[in-house]
Amino acid sequence: MRGKSSATATSTVTTDRTLGLVLGALGVLGFSMSLPMTRVAVHELDPWFVAFGRAVGAALLAWAYLRSTGAPRPHPGQWRRLSIVALGVVVGFPLLTSLALTTQTSAHGAVVITVLPAMTAVFAVLRAGERPPPLFWVASIGGLLAVLAFLVVSGTVSGAPALADLYLLAAVVLCGLGYAEGGALARELGGARTICWALLLSLPVTLPSTAVAAAVHPPHAGAVSWAAFGYLTAVSMFLGFFAWYAGLARGGIAQVGQIQLTQPVLTLVWSALLLGEAVPPASVGAASVVLACVVLTQRSRDGAPAPAAAEA
């Protein structure tokens, strides 16, 4: 009887990992359009309005989802962890990338966020108390140094990183934290409820900020900018996280996090196809170096089955 139970458990873990990879891939596909769509939106809309307004719109969708599904309220410990998720992916990353992309191209931003998988893994290691081998840290630092070198060369004439680059680096740190914490919390709440509660928790910040931004700079834009804003609201801030957090919970933050390696490449493709942005060889070279470092980071970690995940 014990042997039969063990076999069943192994099959469940395998199924969860496969499903986790599929869900994670869907999430990354949705996220890969975020920088180009942000670039389009902030061309005519105030970046503060874009950052907080899309969170308010997504919070309305979240309220409708939670109400229709009768989701139970998180307990106090989960609320504290949801605040970390909200800081990282609802407030921090959207605001900082919106500010950065008012002066920088999405292709440039794609190179900077190439280090995001390593940052996600670092926070996953820190909060899980794992003991990775030295290669993990060497590869993580190598990827960060490659990004910094790219910024020094391409940031400004004086050789120092531009303010937009600092915004992007800060966005990566906060997003990595939000991804890792949200992926772990989704094992208890499910991917959909994790992002939904984080969006609602953020309303005391996002709602008044949106109102102030709209009052200072009344939103006037064409159909293309509003369509980009709608994508950021419905996909980048809402549906994409349904798949992403559910994938992290089922397949494990480290393993599913590897799928993020394709995100910068996809973003560069979208930037060239949709926006006509030039993708210089330096960008491709820097992205390649960082991707190699991130692969080493991921492969140096000891694999472990992910805990049973809640429903998405």
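Residues numbered from 1 in each chain as written. Predicted model: local features only at pLDDT ≥ 70, side-chain atom pairs only at ≥ 80, totals over all residues. Heavy atoms only, no water.

### Notes on empty space enclosed by the protein
Within the structure shown, the criterion is met by 1 cavity of 30 Å³ or more. Counted as a void, the largest cavity has a volume near 150 Å³. Every residue lining the largest cavity is counted, 15 residues in all, and those nearest its centre are Phe31, Ser34, Phe93, Tyr179 and Ser236. Looking at the lining of the largest cavity, the elements that each hand over two or more residues are α2 (34-41), α4 (76-100), α8 (163-189) and α11 (223-251). (1 Å grid on protein atoms, 1.4 Å probe; cavity = no way out; pocket = protein on both sides within 12 Å on 5 of 7 lines; lining within 4 Å. Points joined across faces, edges and corners; volume = space filled by probe spheres on them. Helix = DSSP H or I, 4+ residues; strand = E, 2+ residues; numbered from the N terminus.)

### What about the packing of aromatic side chains?
This model, assessed by the stated rule, comprises 13 aromatic pairs. Here phenylalanine 49 and phenylalanine 229 contribute two aromatic rings whose centre-to-centre distance is 5.4 Å and whose plane-to-plane angle is 15 degrees, an arrangement assigned as stacked. With phenylalanine 49 in helix α3 (residues 47-69) and phenylalanine 229 in helix α11, this pair connects stretches of sequence that are 180 residues apart. On the basis of relative accessibility, which here comes to 12%, the residue phenylalanine 229 falls in the buried class. Every member of this aromatic cluster is reached through a ring pair, and the members are Phe31, Tyr179, Phe241, Trp244 and Tyr245. (Phe/Tyr/Trp six-rings, centres within 6.5 Å; stacked < 30°, edge-to-face > 60°. Buried < 20%, exposed > 50% of the residue type's maximum accessible area, 1.4 Å probe, protein only.)

### Remarks on the nonpolar core
Of all hydrophobic cores here, the largest spans 69 residues; its most connected members are Val90, Tyr179, Leu199, Phe241, Trp244 and Tyr245. Take this core: its biggest share by element is 11 residues, from α11. When residues no more than four places from it in sequence are discounted, the contact partners of leucine 199 are Ala55, Ala58, Ala59, Ala62, Val90, Met237 and Phe238. Counting residues in hydrophobic clusters, the runner-up holds 5 residues, among them Ala100, Ala164, Leu168 and Leu169. (Core = buried A, V, L, I, M, F, W, Y, C linked by side-chain atoms within 4.5 Å. Contact = heavy atoms within 4.5 Å.)

### Side note on the packing of α8 against α11
The geometry of α8 relative to α11 is characterised by a closest axis approach of 7 Å and an angle of 70 degrees between their N-to-C directions. Relative to α11, the element α8 is oriented roughly perpendicular. When α8 is examined against α11, the residues Gly178, Tyr179, Gly182, Gly183, Ala186 and Arg187 are found in contact with a partner set consisting of Phe241, Trp244, Tyr245, Leu248 and Ala249. Considering only residue class, the contact of α8 with α11 consists of 7 nonpolar, 3 polar and 1 charged. (Axes fitted to C-alpha atoms, helices over the stretch in contact; angles between N-to-C directions. Parallel < 35°, antiparallel > 145°, perpendicular 65-115°, else oblique. Nonpolar A, V, L, I, M, F, W, Y, C, P; charged D, E, K, R; others polar.)

Honestly, it's all geometry; don't read function into it.
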